[in-house]
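Listed below, chain by chain, are the residues.
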Amino acid sequence: MARKFFVGGNWKCNGTVEEVKKIVTVLNEAEVPPEEVVDVVVSPPFVFLSLVKSLLRSDFQVAAQNCWVRKGGAFTGEVSAEMLVNLGIPWVILGHSERRLLLGETNEFVGDKVANALSQGLKVIACVGETLEQRESGSTMDIVAAQTKAIAGRILDWNNVVLAYEPVWAIGTGKVATPTQAREVHTALRKLLHDNVSPEVAASTRIIYGGSVNGANCKELAAQPDVDGFLVGGASLKPEFVDIIKSATVKSSA
Ligand SMILES: O=C[C@H](O)COP(=O)(O)O
């Protein structure tokens, strides 16, 4: 069965109420391929989750950008998975490189977070990716394999997981991975799932690309065999996000 295209918009730590309303208006008015063709999931900062959920069209979904590693309690500043479920937020992004690198989240910690979020009923966009130094030293696959295995070992039901490959050197730099670079890692990750989890999971799990995706480069990337969609940062705050959603048709018409 074909994997449904997936386009996530990670708004990161951006926006005011007014800006959020403008972005949602653009999305709500956009003509995009139907739900059967593409999953669209936008991820505003925690404080705007309810607002976005209340305003956003019903065929698009909402994700949090993080959640706490275990049940809530005395953890000042954290938001638990069960709170997100209680708010009706279906998705969460976990393991983003900005959290790994700036906040010291380890592979093991990300694995724990993924396990906890899934156990509470959330769907997870799990991120992996190498730094420029790691790519240049030839260790890209070792790094993303270790990150992926730490996550994979904690997943019982892969139906609720999307794997995002986001090379750190491509994030927010305007230096997008070439279609070949993206395809190489996506294909290797699918093989890793095949060998370490199961052929069925490898065939059905969506592996999406993130890192300087925009309206101009999305079609060529979308055409790559193992690229099942995108996790978009900067361009998800702009009207061109609609063009990125439309790149799903590259797959559906293939
Ligand atoms: O989560 C999204 C990624 O970090 C990509 O960000 P970017 O599109 O601004 O490079």
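Each value, and the rule that gives it
Residues numbered from 1 in each chain as written. Predicted model: local features only at pLDDT ≥ 70, side-chain atom pairs only at ≥ 80, totals over all residues. Heavy atoms only, no water. Salt bridge = Lys/Arg side-chain N within 4 Å of Asp/Glu carboxyl O. Helix = DSSP H or I, 4+ residues; strand = E, 2+ residues; numbered from the N terminus. Buried < 20%, exposed > 50% of the residue type's maximum accessible area, 1.4 Å probe, protein only. Axes fitted to C-alpha atoms, helices over the stretch in contact; angles between N-to-C directions. Parallel < 35°, antiparallel > 145°, perpendicular 65-115°, else oblique. Left-handed = near helix turned anticlockwise from the far one by under 90°. Contact = heavy atoms within 4.5 Å. Nonpolar A, V, L, I, M, F, W, Y, C, P; charged D, E, K, R; others polar. Near = heavy atom within 4 Å. Polar contact = N/O pair within 3.5 Å; in protein donor to acceptor, adjacent residues only side chain to side chain. Areas by Shrake-Rupley, 256 points an atom, 1.4 Å probe, with all protein chains shown as cover. Pairing = 2+ DSSP bridges. Core = buried A, V, L, I, M, F, W, Y, C linked by side-chain atoms within 4.5 Å.

Student: How should I be thinking about the pattern of salt bridges in this particular structure?
Tutor: Once their charged atoms are close, side chains differing in charge can pair, the charge on each being opposite to the other. The final tally for this structure, using the stated rule, is 13 salt bridges. Between Arg-190 and Asp-228 there is a salt bridge, with its nearest N and O atoms 2.6 Å apart. Taken together, the residues Arg-190 in helix H8 (residues 179-196) and Asp-228 in the loop between helix H10 (218-222) and strand S8 (229-232) connect sequence positions 38 residues apart. One salt bridge in this structure joins Asp-195 and Lys-191, with 2.6 Å as the shortest N-O distance. Here Asp-195 pairs with Lys-191, and both are found in helix H8, just four residues apart, close to one helical turn. Look at Lys-191 and you get exposed, because its relative accessible area is 52%.

Student: How should I be thinking about the packing of helix H7 (residues 140-152) against H8 in this particular structure?
Tutor: In a pair of packed helices, the angle between the axes and the distance between the axes together describe the arrangement. Direction vectors running N to C along H7 and H8 enclose 45°, while the axes themselves pass 11 Å from each other. Taken together, the axes of H7 and H8 are oblique relative to one another. Crossing hand, H7 versus H8: right-handed. In this structure, H7 contributes Thr-140, Met-141, Val-144, Ala-145, Thr-148 and Lys-149 to the contact, and H8 contributes Val-185, Ala-188, Leu-189, Leu-192, Leu-193 and Asn-196. Here the contact of H7 with H8 is composed, by residue class, of eight nonpolar, three polar and one charged.

Student: Which parts of the structure should I look at to understand the site of the ligand?
Tutor: Close to the ligand lie 13 residues, the nearest being Lys-12, His-96, Gly-172, Ser-212 and Gly-234. Asn-10 is positioned such that a nitrogen or oxygen atom in its side chain is 3.0 Å from an oxygen atom of the ligand. The separation between an oxygen atom of the ligand and a polar side-chain atom of Lys-12 is 2.7 Å. Alone, the ligand offers 310 Å² of accessible surface; in the complex the protein occludes 95% of this. The residue makeup of the shell around the ligand, split by class, is four nonpolar, seven polar and two charged.

Student: How should I be thinking about the pairing of S8 in this particular structure?
Tutor: Walk down a regular strand and you will see the side chains alternate between the two sheet faces. Burial along S8 is two-sided: the face carrying Gly-229 and Leu-231 and the face carrying Phe-230 and Val-232 are both buried. Sheet topology places strand S1 (residues 5-10) next to S8; four bridges connect them, and they run parallel. Residue Val-7 lies in a different strand from S8, and its bridge partner there is Phe-230.

Student: Teacher, can you tell me more about the packing of helix H5 (residues 107-119) against H7 here?
Tutor: Packing of H5 against H7 leaves a shortest axis separation of 8 Å and a crossing angle of 35°. Crossing of H5 over H7 shows right-handed handedness. When H5 is examined against H7, the residues Asn-107, Val-110, Gly-111 and Val-114 are found in contact with a partner set consisting of Ala-146, Gln-147, Ala-150 and Ile-151. Considering only residue class, the contact of H5 with H7 consists of five nonpolar, three polar and no charged.

Student: Looking at this model, I keep getting lost on the nonpolar core. Mind explaining?
Tutor: Inside soluble globular proteins, nonpolar side chains tend to come together where they are buried. Counting residues in each nonpolar core, the largest one holds 68 residues, and the members touching the most others are Leu-27, Val-52, Leu-84, Val-92, Tyr-209 and Phe-230. Among the elements that line this core, the one with the most residues is H8, at five residues. With residues near it in sequence (within four places) discarded, Val-92 still touches Ala-63, Ala-64, Asn-66, Cys-67, Leu-84, Ala-117, Leu-122, Lys-123, Val-124 and Ile-125. Grouped together as the second largest cluster of nonpolar side chains are 11 residues, Phe-6, Trp-91, Ile-93 and Ala-164 included.

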